[in-house]
Amino acid sequence: MKVLHVGATGHVGEPVGAALRERGHHVVSAHRGSAERPVDITDPESIRALYDAVGPALDAVVVTAGSTPYAPWDQIGREQLLAGLTSKFLGQVEVVRQGVGFVREGGSFTLTSGILGREPVRTGSVAAAVNGALEAWVRATAGELWGRFRVNVVSSTVLTESRAAYASVMPGYPAVDGAEVGLTFVRSVESMDSGRVYML
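Rules of the game
- One numbering rule holds for all chains: residues counted from 1, following each sequence as written.
- The model is predicted, so local features are restricted to residues of pLDDT at least 70 and side-chain atom pairs to those at 80 or more, both for listing and for counting; the totals for chains, interfaces and linings are taken over all residues.
- The basis for every side-chain value is the complete set of heavy atoms in the structure, and neither hydrogens nor water enter the calculation.
- A simple rule labels every residue: compare its accessible area, found with a 1.4 Å probe on the protein chains alone, to the largest value its type can have, and call it buried under 20%, exposed over 50%, or partly exposed in between.
- A run of DSSP states H or I qualifies as a helix once it reaches four residues; a run of E qualifies as a strand once it reaches two. Both are numbered from the N-terminal end.
- A pair of strands is labelled paired if DSSP reports no fewer than 2 bridges between them.
- A pair of Phe, Tyr and Trp rings is counted when the ring centres sit within 6.5 Å of each other, with Trp represented by its six-membered ring. The angle between the planes then sorts it: under 30 degrees is stacked, over 60 is edge-to-face, the rest tilted.
- Take the buried residues of types Ala, Val, Leu, Ile, Met, Phe, Trp, Tyr and Cys, join any two whose side-chain atoms come within 4.5 Å, and each joined set is a nonpolar core.
- Should any heavy atoms of two residues lie within 4.5 Å, those residues are counted as being in contact.
- Think of each axis as a best-fit line through the C-alpha atoms, taken over the contacting stretch in the case of a helix, with angles from 0 to 180 degrees between the N-to-C directions.
- Any angle from 65 to 115 degrees is called roughly perpendicular, while one under 35 is roughly parallel, one over 145 is roughly antiparallel, and all others are oblique.
- Handedness of a helix crossing follows the sense of rotation of the near helix relative to the far helix, less than a right angle counterclockwise being left-handed and clockwise being right-handed.

K.L.:
Give me the pairing of strand β5 (residues 150–155): which residues, what numbers.
P.N.:
Among the 6 residues of β5, 6 are classified as buried, and the element is accordingly described as predominantly covered. Burial along β5 is two-sided: the residues R150, N152 and V154 and V151, V153 and S155 are all buried. Sheet analysis places strand β4 (residues 103–112) next to β5, joined by 5 bridges and oriented parallel. Looking at the pairing, T110 lines up with N152 of β5. Bridge analysis of β5 against strand β8 (residues 197–199) gives 3 bridges, and the strand direction is parallel. Along β8, the bridge assignment pairs V153 with V197.

K.L.:
Tell me about the packing of aromatic side chains, and name the residues and values.
P.N.:
Going through the model one piece at a time under the given rule, you end up with 2 aromatic pairs. Consider the rings of Y51 and F102, whose centres lie 4.9 Å apart with planes at 15 degrees: the pair is stacked. On the criterion of sequence distance, the pair formed by Y51 in helix α2 (residues 44–54) and F102 in the loop between α3 (78–99) and β4 is long-range, its members being 51 residues apart. The pair formed by Y51 and F102 is uniform in burial state, with each residue classed as buried.

K.L.:
Describe in detail the nonpolar core, supporting the description with residues and values.
P.N.:
Within the largest apolar cluster, 34 residues are counted, with the highest numbers of intra-cluster contacts made by L4, V6, Y51, L58, V61 and F109. Those elements that place two or more of their residues in this core are β1 (2–6), β2 (26–30), α2, β3 (58–63), α3, β4, α4 (125–144) and β5. The biggest single contributor to this core is α4, with 5 residues. Not counting residues within four places of it along the chain, the set of residues in contact with V61 comprises L4, Y51, V95, V103, S108, F109 and T110. Core analysis: the second largest hydrophobic core is formed by 15 residues, A60, V154, V189 and Y198 among them.

K.L.:
How would you explain the packing of α3 against α4 if you had to name every residue and give the values?
P.N.:
At a minimum axis separation of 9 Å, α3 and α4 run at an interaxial angle of 25 degrees. Judged by the angle between their axes, α3 and α4 are roughly parallel. Considering only the axes of α3 and α4, their crossing is right-handed. Note on element contacts: α4 touches α3 through V126, V130, N131, A133, L134 and W137, opposite Q80, L81, G84, L85, K88, F89, Q92, V93 and V96.

This is the structure in structure tokens:
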């Protein structure tokens, strides 16, 4: 399959891309710092330029991009909420919205949420809201696109590879290896599932 991978770097992006390649998929990598295929998912025009550059006849799109701010609840204002919504929620939604014109019918989209949507932590109210909204959107959108496109979302706990960086925010949380997360994206791409929230 020809798979467009948006956000193909970092602790999540790298094992996801590796897992897809190990399965023999032709992975077209794009990320914010790419010299060849740069993309900023907060900018709809940047997403459009990426799709135009890659061209039609994609079999799948996977997104491991998007961020949310972390801060104590009393320090979260409208600006921080909008930042999270614009990046991790609306950014991924826009990748799907525009992608239906470039992915063949029967193809799939796999997005990324996270455990904080179901098990929140202090300073993570924006991440919790965004992850929850994204998962609800995927469930609803899967019904709307039924028979045309599949759409799923991977919601994992903290990765083993990045556990140290999140130790102060997510104390005692179980970790999952990046390789396992990568295989879950493979499952989404190759399965018949739609509307699934894969929880790890």
